[in-house]
Amino acid sequence: MSITDITFLFWFLPLALAAYYIARDTAREYVLLAVSLLFYACGSLEYFALFTGSLVVTVALGRCMERAGERTHLRRILLIAGILGSVSILGYYKYADFAVSVWNGVTGAENPLRGAALPLGISFFTFKAISYLADIYRRRVRLTDSPVRDALYLSLFTQIQSGPLSRYGDMSGGGAGSPPGLTGFSQGVWRFMLGFCKKVLLANVLSNITTEVFAADPASVSTAYVWLGSVSYSLQLYFDFSGYSDMAIGLTRMFGYDCPENFDYPYMTESVSRFWRRWHITLGAWFRDYVYIPMGGSRVSSRGRVYLNLLVVWLLTGIWHGADWTFIVWGLGYFVLIALERAADLPGRFRTRIGRGLYRAFTLLFINFQWVIFRAGSLRQAFGLLRRMVVPYHEPLSASRTVFLLGDYGVFLAMAVLFCFPVAARIDEKLAARPAAHKTFRAAAAVLTAVLFIWAVSFVVAGRNNPFAYANF
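Before going into details, it helps to say that this report is about the structure given with it. It should be emphasised that the depicted structure is a prediction, and the values quoted were computed from it without experimental measurement.

### Considering the overall build of the protein
Working step 1: If you tally the helices and strands in the protein, you get 18 helices and 0 strands.
Working step 2: By the compact-globule yardstick of 23 Å for 473 residues, the protein fits well, its C-alpha radius of gyration being 23 Å.
Working step 3: Dimensions along the principal axes, computed over C-alpha positions, put the protein at roughly 70 × 65 × 50 Å.
Working step 4: Expressed as a percentage of its 473 residues, the buried residues of the protein come to 50%.
Working step 5: Long-range contacts, defined as pairs at least 24 residues apart, comprise 75% of the intrachain contacts of the protein with a sequence gap of at least 6.

See the structure below:
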């Protein structure tokens, strides 16, 4: 079950909210935990036992680590056991087939592949479990008296599918889990509707172009056709994942918890490294706090060690996104450019506006090329598409198709480009000093969002809905 499904919108969510708000204060976390487990069972019943078992073991290890007090050796053993257990499960279900296929290719063996679906949200659950155990080990958090909140943090249905990667501290702060009040609840509803519109009205529509272009043979289509597909995918992926994050943040706030922001208009970036401070912010912060800094980060004795640390982070980032060579090459591509920026002091080396503008254009071009690799079904297809993008080629049929697609989806493309920038936020800021105009603008924005949400729901009712792009990661 997805959070854009009709069943979720009209049955699951209303009943979950009703049960939560009707329950007594002392029972709300139990109700929300039950709701989260039910959501997981509806979405991945065959792996429900595995999920609940991992949940119980992780919470038990965290509680034992907390009780171990100053027995550092025991605490370290519990931490290592928890991390190895979580990573082993992730490795088996997500990477075993890839490892077997590589082995078969090298040795000529014919070992069978599992070919089974991934457990729901396995990557996000694993990373949250590691952060939970690591933060307890480092004494960055103090556990509450009830382990229910620990289990709820790891399984909360609003975040289990595709994040954001919150921390245990977000769930255990003052007032966490209390009904948010009318203002907080309405803000959560508005954020959910905004994300829903991003996903259904922009990402889903643009996926029609993306699916068609990436299904074509790169050798037999025109350069313009491939460029249209690559730009559409860059926009689709942003509105798909940022839309999910908006919905997750909104849902989490409806139930009285905080949820970290995950996107900050990433295509406004000035450089490749800064792009990752704006895109999937919680994932970047996770790798920084639990991989890069523990390895020494930038505070090491040699520059070579810094680049080695960066290499490990970006190799793992690529592997985390998927079990395929395309993701590994994609991650290594970011390592190369970020290392280059660090070594050459880019874009700080550019002192003129023209220089900075040209480097920003190069950054967006590089990111677009990277998304082609990310989306392609194989490295061969990826390099074929990239070659077609840089070596001009005209093919009449696909060129005509490009014009047709632009005519059919041009408005959606233009709106997607426009909303990559904080247009509404800037208008809101400028009107802040004029109370009457400010209230009018906000009321109009709320009405427009509600109308678009109803339109988006009609799309879903009509069966025009796609799975989330990050659901498989």
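### Quick word on the packing of aromatic side chains
Working step 1: Considering all chains together, one arrives at 54 aromatic pairs under this definition.
Working step 2: Ring centres of tryptophan 276 and tryptophan 330 lie 5.8 Å apart, and the angle between their planes is 70 degrees; this geometry places the pair in the edge-to-face category. Linking tryptophan 276 in the loop between helix H10 (272–275) and helix H11 (281–292) with tryptophan 330 in helix H13 (residues 325–344), this pair joins segments that are 54 residues apart in sequence. Each member of the pair tryptophan 276 and tryptophan 330 is classed as buried.
Working step 3: Measuring from ring centre to ring centre gives 5.2 Å for tryptophan 371 and phenylalanine 374, while their planes differ by 80 degrees; the resulting arrangement is edge-to-face. Separated by 3 residues within a single helix, tryptophan 371 and phenylalanine 374 lie in helix H14 (residues 353–375), roughly one turn from each other.
Working step 4: Between the NZ or CZ atom of lysine 128 and the centre of the ring of tyrosine 153, over which it lies, the distance is 4.6 Å.

### A short note on the pattern of salt bridges
Working step 1: Under the definition given, this model contains 18 salt bridges.
Working step 2: Close ionic contact of arginine 278 with aspartate 264 constitutes a salt bridge, the shortest N to O distance being 3.9 Å. Of this pair, arginine 278 sits in the loop between H10 and H11 while aspartate 264 sits in the loop between helix H9 (223–254) and H10, placing them 14 residues apart in sequence.
Working step 3: For arginine 278, a relative accessible area of 18% translates into the label buried.

### Let's talk about the environment of lysine 94
Working step 1: Looking at where lysine 94 falls in the secondary structure, it is placed in helix H4 (residues 72–107).
Working step 2: The class of lysine 94 is buried, set by a relative accessible area of 8%.
Working step 3: Sequence separation between lysine 94 and isoleucine 122 is 28 residues; the distance between their C-alpha atoms is 8.4 Å.
Working step 4: Only 2.4 Å separates the side chain of lysine 94 from the backbone oxygen of tryptophan 320, close enough to count as a polar contact.

### Thoughts on the packing of helix H5 (residues 122–137) against H11
Working step 1: Contact pair H5 / H11: the axes reach a minimum separation of 11 Å and the direction vectors enclose 40 degrees. By the angle between their axes, H5 is oblique relative to H11. In terms of crossing hand, the pair formed by H5 and H11 is left-handed. Contact with H5, carried on its side by Phe127, Ile130, Ser131, Ala134 and Asp135, involves Leu283, Trp286, Phe287 and Tyr290 of H11 and no other residues of that element.

### Let's talk about the layout of surface pockets
Working step 1: When its volume is computed, the largest pocket comes out at roughly 1600 Å³.
Working step 2: If you trace the largest pocket, you find 42 residues lining it, with Trp190, Leu194, Tyr265, Ala424 and Thr449 closest to the centre.
Working step 3: At the level of secondary structure, the elements contributing two or more residues to the lining of the largest pocket comprise helix H8 (181–214), H9, helix H16 (396–418), helix H17 (423–431) and helix H18 (435–461).
Working step 4: Across the lining of the largest pocket, the residue classes break down as 28 nonpolar, 6 polar and 8 charged.

### Observations regarding the side chain of asparagine 104
Working step 1: With respect to the helices and strands, asparagine 104 occurs in helix H4.
Working step 2: Polar contacts involving the side chain of asparagine 104 include one to the main-chain carbonyl oxygen of asparagine 111, which spans 2.9 Å.
Working step 3: If we skip the residues at most four places from it in the chain, asparagine 104 touches Ala109, Glu110 and Asn111.

### Considerations on unusual backbone geometry
Working step 1: The omega torsion of the bond from glycine 163 to proline 164 falls at 0 degrees, within 30 degrees of zero and hence cis.
Working step 2: Mapped onto the secondary structure, proline 164 falls in the loop between helix H6 (147–155) and helix H7 (168–172).
Working step 3: Of note in the backbone geometry, histidine 280 takes a positive phi value of approximately 45 degrees without being a glycine.
Working step 4: Here histidine 280 shows up in the loop between H10 and H11.
Working step 5: One non-glycine residue with positive phi stands out, namely aspartate 345, at about 55 degrees.
Working step 6: Inspection of the secondary structure puts aspartate 345 in the loop between H13 and H14.

### Details of the packing of H9 against H16
Working step 1: It is the contact of H9 with H16, at a shortest axis distance of 10 Å, that shows an interaxial angle of 25 degrees. Here H16 runs roughly parallel to H9, going by the angle between their axes. For the pair H9 and H16, the sense of crossing is left-handed. In this structure, H9 contributes Ala224, Tyr225, Leu228, Ser232, Leu235 and Phe239 to the contact, and H16 contributes Ser398, Arg401, Thr402, Leu405, Leu406, Leu413, Ala416 and Val417.
Working step 2: When grouped by side-chain class, the residues that make up the contact of H9 with H16 number 10 nonpolar, 3 polar and 1 charged.

### Here's the deal with the side chain of asparagine 204
Working step 1: Along the chain, asparagine 204 turns up in helix H8.
Working step 2: Asparagine 204 has contacts with Lys199, Arg464, Asn465 and Asn466, leaving out every residue within four places of it along the chain.

### With respect to a nonpolar patch on the surface
Working step 1: A cluster of nonpolar side chains, namely Val411, Met415, Val417, Leu418, Phe419, Phe421, Val423 and Ile427, defines an oily patch on the protein surface of about 630 Å² accessible area.
Working step 2: Secondary structure elements with two or more residues in the nonpolar patch: H16 and H17.
Working step 3: Looking at which element gives the most residues to the nonpolar patch, the answer is H16, with 4 residues.
Working step 4: Of note, leucine 418 is situated in helix H16.

### Re a positive patch on the surface
Working step 1: A grouping of Arg349, Arg351, Arg353 and Arg356 is seen on the molecular surface, where their side chains present a positively charged patch.
Working step 2: Turning to its location among the elements, arginine 353 is positioned in helix H14.
Working step 3: Owing to a relative accessible area of 72%, arginine 353 belongs among the exposed residues under this scheme.

The rules behind these values
Residues numbered from 1 in each chain as written. Predicted model: local features only at pLDDT ≥ 70, side-chain atom pairs only at ≥ 80, totals over all residues. Heavy atoms only, no water. Helix = DSSP H or I, 4+ residues; strand = E, 2+ residues; numbered from the N terminus. Rg over C-alpha atoms; globule rule 2.2 N^0.38 Å. Buried < 20%, exposed > 50% of the residue type's maximum accessible area, 1.4 Å probe, protein only. Contact = heavy atoms within 4.5 Å. Phe/Tyr/Trp six-rings, centres within 6.5 Å; stacked < 30°, edge-to-face > 60°. Lys NZ or Arg CZ within 6 Å of the ring centre and 35° of its normal. Salt bridge = Lys/Arg side-chain N within 4 Å of Asp/Glu carboxyl O. Polar contact = N/O pair within 3.5 Å; in protein donor to acceptor, adjacent residues only side chain to side chain. Axes fitted to C-alpha atoms, helices over the stretch in contact; angles between N-to-C directions. Parallel < 35°, antiparallel > 145°, perpendicular 65-115°, else oblique. Left-handed = near helix turned anticlockwise from the far one by under 90°. 1 Å grid on protein atoms, 1.4 Å probe; cavity = no way out; pocket = protein on both sides within 12 Å on 5 of 7 lines; lining within 4 Å. Points joined across faces, edges and corners; volume = space filled by probe spheres on them. Nonpolar A, V, L, I, M, F, W, Y, C, P; charged D, E, K, R; others polar. Patch = residues over 30% accessible without salt bridge, like charges linked within 9 Å, V, L, I, M, F, W, Y side chains within 5 Å. Areas by Shrake-Rupley, 256 points an atom, 1.4 Å probe, with all protein chains shown as cover. Lys, Arg positive; Asp, Glu negative; His and termini not counted. Charge placed at Lys NZ, Arg CZ, Asp CG, Glu CD.

Keep in mind these values describe shape, not function.
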